[in-house]
Amino acid sequence: MLGRAQGYPRPGTLGTPSGSSAGSCRVTVATLRAPGTPRRTRRRRHRRDRRGEPRCWSPESTGTGTDRHRHRHPNRRPSVTRMLSTSQPSPERVPSPEEQEWAGPEALCPGWLEDEAPDGEVPGHSGDPDSATHAYEQLQSALCQEGLPPTLDCSAEPRTGFGLLDMTVCILGSPIPFLPVLLEGGTRCPGAMVLCLSPAWASRVPSETSPGAWSLLLSQGVSFKAGGHSALETFVPPRRANYVTGTFAPGDPEGGWVGELARDLDCPTGGSAPLAHRLEDTLVARWVLAARGDLPVPPTLAFVLSARGDLPAEPAAPGVRLVRLEDPQGQQSLVQEEVGAFLGGTAMEPYSQVVVRPAGWRWRGTGTRSTHRKEEGAAVVQAVSARLRGLTEEDSVLLEATVPTARLPVPPPRSPAPRLPMALRICTLVCRSWGDRPQLCQVACAVGRAESPVRHGAALPQGLDSSLQQWGVAAPGQRQALARRLREAAEAAMGALLATEAELSSQQRGGTRARTDILGVDFLLACVDEALELVALGTNSQRCLETCALAEAMGRGVGEPRGELPRLLAEAVLHRAQCHLVEGKDILLIGAGGVSKSFVWEAARDYGLRIHLVESDPEHFAAGLVQTFLPYDSREHRRDEEHAERVLELLRSRGLRPHACLSYWDDCVVLAALVCQGLGLRGAPPAAVRVAKQKSRTHRHLQRCRRGRPPPAAFAVPCRRLQSHGDVERAAGAVPFPAVAKLEFGAGGVGVRLVENAGQCHAHAARLWRDLRDDADHPGIGLGWGNAMLLMEYVPGTEHDVDLVVFEGRLLGAWVSDNGPTRVPAFLETAACLPSCLPADRQAQLVRAALECCRACGLRDGVFNVELKLGPAGPRLLEINPRMGGFYLRDWIREVYGPDLLLAAVLVALGVPPVLPARPAARTHLAGVMCLASEHGESLAGGGGMEALRELHGRGLVRLNRLFEEPEGAGEYEEPLLSVACAGATLAEACERLLGLCQGLGIDSPRYPVEHFLSHFK
């Protein structure tokens, strides 16, 4: 139990109003106790001042103004909330998490019963664990131990002005398990993390958006800000929670009111009381781990009542035998038969001992069990029968093997003293990360004597690598392999749990939006058939979180860098809150695009966005997929100011007031910026978008930007605009050859060509001006702006895409991908990979150059795609696309890193800074190749290749991104038809799989050498 830190108020003085004496308005522990609640008889020592008198704090003694908050002075203490005394008492106390044992038996003494932890004298303990006062004391003590300032009492001045776009992540209950998350979240999103310590601080009202659900409103809470600062605040009107989680674990003092407040909410809920009960039920957990996660578990024979319905018969759980009893008292022969078969079965051959114990969330931490030798069949049957007498529908009786920790040869001891047998438990913490994918956050191990169980909180945690070394795994490669297997097993456990929860009813989950977001899984390192194996013992909702948080805090105490645990958990909960924040928002989308943008409509449905689409094609397939379809022909983009006025009139006539406006389609970015400006919505200024959209203007503008080290001008490339053959002659004198000639407003690489001299430039310009005159000749490549060209210097080096998320000029996220060699003299994309092969410092050069170019052009809010070349002298800009990256980029970034660029663009347009990974780590490697109708049409269509790709995509073996339904363009104006990619643990593995696929489907050929395209990714 954490002691009360020096410099914080005693519980007996909480709530002293300003200007009143301490004696007249003192709130005591007796005041907080509900009628009929017995007074705790344990004596407490009162702190006394230097004169020997008990200290009694009042406003006069704490000081006012600035002095009141100088908490480092031993005689100055901050004032605290006047409303802590309104908390309601919690149900009868049950053992705390520190008194709980780890899930699963291991080398228990016969007849051993877990004793309750001694209720000894703890310095600073208030003796009132069922009140908000005690929780507030715990918070102050924990902040002090972290070297952070105490909570500032700002409750006298209510905070106002919270709107629909203000994020609120509410943590209910004890502050200790979630304190690292609260602190990290307060740094990432100041003020968004709110701790609720009392049921009186929150209220439930019927939801306005989800019939039958409830909204959680916070009238008071402790909010967290950057630098570890916290404040006790009141909210008028109350704040609406966007995400809720808390201490749902059975037996926690706060568990009752926390579970009730979080029940059936209309916002995402990270857990619930029913879900916590499932996690803490050893039988349910092992069934999920074995049947759905394909993980080894201790051999288990379980007896349940036949009426129990939360354990389906299929699929069967390997290692878990379920016996349903109609009458536990009248089926002794069946019990004896099942016990005998279990003890004599092949699964029990490696083991010599068994444990009999009741299981279910009610039995968490009771230690009620007995241990027997396998040969004592009669005693085992007797023990099982005794437990069956009180069997209820929610409980079970387990007979399970005692699985010993693997015993490995270790180096000779330094001391000749005998070495005692020890037990090792491995605690893992997994969270639901981006895209609902499991992600291992941290691992902590505990070591104890083999003859007694290793409980959570009973031993100090240590790292996995040092534990494996201690156990005799000397080779670093073997330890790394075990760590990889542990990650896979823990994430498989989370995946199995998520899949199982998705099949539950809303009542079984505790609400339609309730999901387990943080999961603890305990493992045992066992030896099976002379090989090390990770045996999953069980799951929990909070104990592993506390153990891993303790391990991280201990590491910081010896100078270890801050770990990933707080960041990963904070990002997970903040991301889910932001997903809820965008639900129901009205988004005006300018331009639908083609089949390559089909993901927009799927994502809008998944995120709950109400899309109002302005589109030139009145027959567009997306017309039936959006909330409002507004056909308007805007293809002549040289009249975009006029189009913007017409669109605004159209919105006014329909009574539409969108929350945000944006475009993912290259042709419509300027129109979208003009409409944003007309509506007063957040977005890049039209002038900045115009500069970025016109390629020669981009470089000319950057060449004038000469401030900075280096200045943006350093990334610009000499170029000239071409509108006539006279312009070609003039440009030839200013731009060195070889050079690149392309469309001024082009897209997709159409019409881009390497020219060696002025004559080739004249010939290419003549063909292009003849063939591509307006949008009807080739839709979607910028011809609505005209067919002007530019000539720019050819830049040697490798080509890369940098996708940026920028909010108020601040970089929030960046991803670098590599492009393969093009088929010169054309520059159509051939291959790509993600993550980049470049070293980190070279990637940083690209990101910095891309960001500075965007800022210099005035692009300070949005999601942008920047194409650059990287040569020996550093990056050089090719072009800026003032919209989200096209083709496969959004899909690939989601698959490799998790975040969704589409959601990020919506959040920025709403004026909300997206929460993105602070340190993005690739979960896989992708290598892909573009397919052309001219090269691959016959093999894909006639040879059945397309059907094979669709099947492989459905099975998750390839990533298929269709860019067009039908081939677009011909000859030198052709665009890619589709992109196909393969994943691998390494880039080499991904490339090898992709090459084999392309060879098998006929995509690889002498005319289209895929092996050559991929050879550059090293």
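Our structure is the block above this text.
In this text, all values refer to a predicted model and were calculated from it rather than measured experimentally.

### Observations regarding helix 4 (residues 132-145)
1) Next: A rise of 1.5 Å per residue sets the reference length of helix 4, with its 14 residues, at 20 Å; its end C-alpha atoms lie 20 Å apart and thus fit the reference within 8%.
2) Next: Most of helix 4 sits out of view: 12 of its 14 residues are buried.
3) Next: Here helix 4 has its buried residues at Ala132, Thr133, His134, Ala135, Tyr136, Glu137, Gln138, Leu139, Gln140, Ser141, Ala142 and Leu143.
4) Next: One or two positions beyond helix 4, positive phi appears at Gly147, with a value near 75°.

### Observations concerning empty space enclosed by the protein
1) Next: Per the counting criterion, the structure on display carries 11 cavities of 30 Å³ or more.
2) Next: Along the walls of the largest cavity sit 23 residues, with Leu662, Ser663, Ala684, Asp861 and Pro882 positioned nearest its centre.
3) Next: Elements supplying a minimum of two residues to the lining of the largest cavity: strand 22 (660-662), helix 18 (669-679), strand 30 (862-871) and helix 25 (901-910).
4) Next: Sorting elements by how many residues they give to the lining of the largest cavity places helix 18 first, with four residues.

### Section: the environment of Ser396
1) Next: Examined against the element boundaries, Ser396 turns out to sit in strand 13 (residues 396-401).
2) Next: In sequence terms Ser396 and Leu305 are 91 residues apart; their C-alpha atoms lie 7.8 Å from each other.
3) Next: Apart from residues lying up to four places away in sequence, Ser396 is in contact with Leu283, Phe303, Val304, Arg308, Arg357, Pro358, Ala359 and Leu391.

### Considerations on the packing of aromatic side chains
1) Next: Applying the stated rule across the entire model yields five aromatic pairs.
2) Next: Centre to centre, the rings of Phe745 and Trp785 are 5.3 Å apart; their planes meet at 15°, and the pair counts as stacked. Pair noted here: Phe745 is in the loop between strand 24 (739-743) and strand 25 (753-755) and Trp785 is in the loop between helix 22 (758-771) and strand 26 (789-793), with a separation of 40 residues, a long-range link. As far as the burial class goes, Phe745 and Trp785 line up, both buried.
3) Next: Look at Tyr888 and Trp892: their rings are 4.3 Å apart centre to centre, the planes differ by 40°, and that puts the pair in the tilted class.
4) Next: Residue Tyr888 is classed as buried on the basis of its relative accessible area of 3%.

Definitions and limits used
Residues numbered from 1 in each chain as written. Predicted model: local features only at pLDDT ≥ 70, side-chain atom pairs only at ≥ 80, totals over all residues. Heavy atoms only, no water. Helix = DSSP H or I, 4+ residues; strand = E, 2+ residues; numbered from the N terminus. Expected span 1.5 Å × (residues − 1). Buried < 20%, exposed > 50% of the residue type's maximum accessible area, 1.4 Å probe, protein only. 1 Å grid on protein atoms, 1.4 Å probe; cavity = no way out; pocket = protein on both sides within 12 Å on 5 of 7 lines; lining within 4 Å. Points joined across faces, edges and corners; volume = space filled by probe spheres on them. Contact = heavy atoms within 4.5 Å. Phe/Tyr/Trp six-rings, centres within 6.5 Å; stacked < 30°, edge-to-face > 60°.

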